[in-house]
Amino acid sequence: MRIQNITKWGLTIGLAFCLLAIFAGSAHANGGPHGGYTATTDACAGCHRTHTSAAANLLADAVPALCLSCHGASATGADTNVSSGIYEGAGGGFLLGGGFDTYKGAPVTSTHSTDGTWQRMWGSGGASGECDYCHAAANIPIDPSIPKTVEFQHDVDIWGSPNNMNTRVQLTCTNCHDAHGNVNYRILRLAQYCTDAPPDGLGPWDSHSSMFGVNVPCAVRVASNEATTDYTTAQYKSGISDWCSSCHSNYRNKLDIKYPMWGPPFPATFDALDGQGNVTRYRHGIDAEAVLGATKASITTLPVNDLTNNGTTADDQVNCLTCHYAHGSTVNMAGFAANVAPTNDSALLRMDNRGVCQDCHNK
Amino acid sequence: MNIKVSYIFAVATVLITLGLLTSPARANGGPHGGYTATTDACAGCHRTHSSGAASLLISPVPALCFTCHGSAATGADTNITDGVYEGAGGGNLLGGGFTFYNGDPITSTHSTDGSSHNAWGSAWGTAWDPITWDCAYCHNSASGLEWPGIPTWGISPGAIAGYEGQNVTMPLTCTSCHEVHGGRNYRMLQQRMHPDTMQQEDPPGYVLVTSNETGGANPNQPGYVADYTNPNYQLGLGDWCTGCHFTYQQTASGIKNFNAEDGLGAVKRYRHKMNTSITGGTYNLTTALPLEDPSGNGPSADDQMFCLTCHFAHGTNTVMAGHASNVAPTNDSALLRLNNRGVCEDCHKK
């Protein structure tokens, strides 16, 4: 009798543990409803409503409100509080991307937009081509099958004009992040327009191989050195600069070079809306053009590309996020650094004024 | 008694507090040196993603410099275009002007527009090879003795065969002479000059230029007070100029013969003494022109004449006539301080 009772309890407890394991759900690669879908996933219901959605794409609510219902300041659905720039999971800490409203307790002074209003993609267009040369309703003059993905707004709607630089887009969370998850760091969108990465003399057009045949979207692979997701310690490896320059396309080139579809590259000009007009522009080197070297590696405190995952060393590279936050910054600009065109704000910089310059160059 | 002590204590406290709160004076004003970890100064001249000139400058030199130091600019008190100090007290700048000086148009200047001009008197020491370009004999890609912005030296149009290394041409602009990030030298003069003679060096092998201005021994440190209108030369500037005008420091040709492009060819040349006292010993001269005062004790026997005794650094408005006109190699007023040969007469009083 006693043996039967022990066996009975053992089976019951064992079954309970099995049931708990089943119903706990497998961990999603990017947390929450963003990827790692099984055949009977519940994730769709995290964002979509089939018959009662209140926003396009059958979303439960419009972006970014939908996103902030989990990732917002007072939300509980995710540990990544992007409004306040805080990681609310084990260990806590501040999110690498900064915050959209506050960061480290201070109000932000500049952010990437999330509310879908028209905002300029500084450095877009010009030498690197206007996006809606292909992605336009009329698809002038190329292939009508190329999808119209994002609305663009120009100062003057004349293709090739200098006024097609610094194009405006309606920016929100899903312009940058793939809500359905992917292999990229921070589920950054894969199908972005690639600038010439790596530089191979053929210009950016080769990244869009659809020009001359197969319509293959360009995929910018953004990789990190994380073993497990780490939202508070920078572990950039490669690709982030290429990715950022999908929009801020001219910032990828040290000197504006235009790669026409036919003919050799030639120096181009750019209007940075700084009062100097459409002139030749020079850019700070990025990635392979900005290897730290031993001296700068020994003094910089800023995050860099660590291609070899061996800690801060001379072969590490400056990337966009070395100097800039992705989401929002709280730094202040004064003196010479105040009201610098074209943003006339803190430009998502990581340090007050030009601290990001001084951190490496140590003048 | 207690009230008096308290009052004194209060005043002292205020004074100490003011001293603590006052930020250290930027050695050279504006964006030129004295950088903190979060300096705004970089944005005074540089643009990371939209610069209009090499070295990530907002615009090319000298236009960039003139946005603060030009005639109608407000970013700096030193208006070098007109040679006017626009700060407290005003006055004429010590270096002269690039377009006007004392209200008169300039008759000769050091170039600023980056075009190539002769570095008159340039050559190199006893190891000099007359066949090659002068400075580039050592400073070239093969030797690796190069730096960002290194000039492109050229052969003078008036050079004669066998002496192409003399009076080389080079593109000259503001940053050829001045270190815009600040430095150890008076007026942020470039620290990489290594003339034949150096009365003081810092770092070793490179000429140090100091002044008798307050804190002038090291103008890149807090406490430096620049005086742009009264001469306070101490030591080193005469040596510095000969970093380019190399042979002018030598009293007689020490390096073979020299072609001064005056029609006489490559012959032995004699030079006015430099860095020498004008009183005592052989000479007993007096002058109203500026001298270097190495001891900083005012007019005294150890004061010595140097390049700026006779010449302005930037530009002059003097006029040359008669025997003084069209004198080779410059055939102009050669940055002289006084009309004709007034600089000679001021000392020699013939």
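Please read these numbers as outputs of a predicted model, since none were measured by experiment.

K.L.:
Describe the overall build of chain A, naming the residues involved and giving the relevant values.
P.N.:
Scanning chain A from N- to C-terminus turns up seven helices and 14 strands. Here chain A holds 363 residues, and the buried ones make up 37% of them. Taking as baseline every contact in chain A between residues at least 6 positions apart, the subset at least 24 positions apart corresponds to 53%.

K.L.:
Residues and numbers for the overall build of chain B, please.
P.N.:
Looking only at helices and strands, chain B features six helices and 14 strands. Looking at chain B as a whole, 40% of its 350 residues qualify as buried.

K.L.:
Can you lay out the nonpolar core for me, pointing to particular residues and giving the numbers?
P.N.:
Residue and element names in this part refer to chain B. Counting 45 residues, the largest nonpolar core has C65, L189, V209, L237, W240 and L308 as its most contacted members. Breaking this core down by element, the ones donating at least two residues are α2 (63-69), β7 (169-173), α3 (174-177), α4 (237-241) and α5 (307-310). When residues in this core are grouped by element, the largest group, four residues, is from α2.

K.L.:
Residues and numbers for the interface of chain B and chain A, please.
P.N.:
Listed by partner, the interface residues are 20 residues for chain B and 23 residues for chain A. In terms of residue class, the side of chain B that touches chain A is built from nine nonpolar, ten polar and one charged.

K.L.:
Mind laying out the environment of Y87(A), listing which residues take part and the relevant values?
P.N.:
With respect to the helices and strands, Y87(A) occurs in strand β2 (residues 86-87). When sequence neighbours within four positions are dropped, the list of residues in contact with Y87(A) reads D79(A), T80(A), G92(A), G93(A), L95(A), Y231(A) and T232(A).

K.L.:
Quick rundown of the domain arrangement of chain A? Include the residues and the values.
P.N.:
Assigned domains within chain A: domain 1 (53-95), domain 2 (114-227 + 235-280) and domain 3 (284-363). Taken over C-alpha atoms, the centre of domain 1 of chain A sits 28 Å from the centre of domain 3 of chain A.

K.L.:
Could you give an account of the environment of K268(B), with specific residues and numbers?
P.N.:
By secondary structure assignment, the location of K268(B) is in the loop between β11 (266-267) and β12 (276-277). In this structure, the C-alpha to C-alpha distance between K268(B) and F258(B), residues ten residues apart in sequence, is 6.2 Å.

K.L.:
Mind laying out unusual backbone geometry, listing which residues take part and the relevant values?
P.N.:
Backbone torsion omega between V63(A) and P64(A) reads 10°, so that peptide bond is classified as cis. Position of P64(A) relative to the elements: it lies in the loop between α1 (2-24) and α2 (65-71). Residue P203(B) is reached from D202(B) by a cis peptide bond, and omega for that bond is 0°. Within the fold, P203(B) resides in the loop between α3 and β8 (210-211).

K.L.:
Residues and numbers for the environment of E164(B), please.
P.N.:
Residue and element names in this part refer to chain B. Relative to the assigned elements, E164 resides in the loop between β6 (113-118) and β7. For E164, a count of 19 C-beta atoms within 10 Å translates into the label partly exposed. Taking the C-alpha atoms as reference, E164 lies 37 Å from D293; in sequence the two are 129 residues apart.

K.L.:
An account of the confidence of the model for chain A is requested, with residue identities and associated values reported.
P.N.:
Residues and elements named next belong to chain A. In the predicted model, chain A carries a mean pLDDT of 79, and 69% of its residues have values of at least 70. Counting contacts from residues 12-30, a segment whose pLDDT is below 50, to residues more than four positions away or on other chains yields eleven contacts. Within the model, the stretch residues 139-144 combines pLDDT values under 50 with six contacts to residues more than four positions away or in other chains.

Definitions and cut-offs
- Residues numbered from 1 in each chain as written.
- Chains lettered and ligands numbered in written order.
- Predicted model: local features only at pLDDT ≥ 70, side-chain atom pairs only at ≥ 80, totals over all residues.
- Helix = DSSP H or I, 4+ residues; strand = E, 2+ residues; numbered from the N terminus.
- Buried ≥ 20, exposed ≤ 12 C-beta atoms within 10 Å, placed from the backbone.
- Contact = placed C-beta atoms within 7 Å.
- Core = buried A, V, L, I, M, F, W, Y, C linked by C-beta atoms within 7 Å.
- Nonpolar A, V, L, I, M, F, W, Y, C, P; charged D, E, K, R; others polar.
- Domains from an automatic or database assignment.
- pLDDT = per-residue confidence, 0-100.

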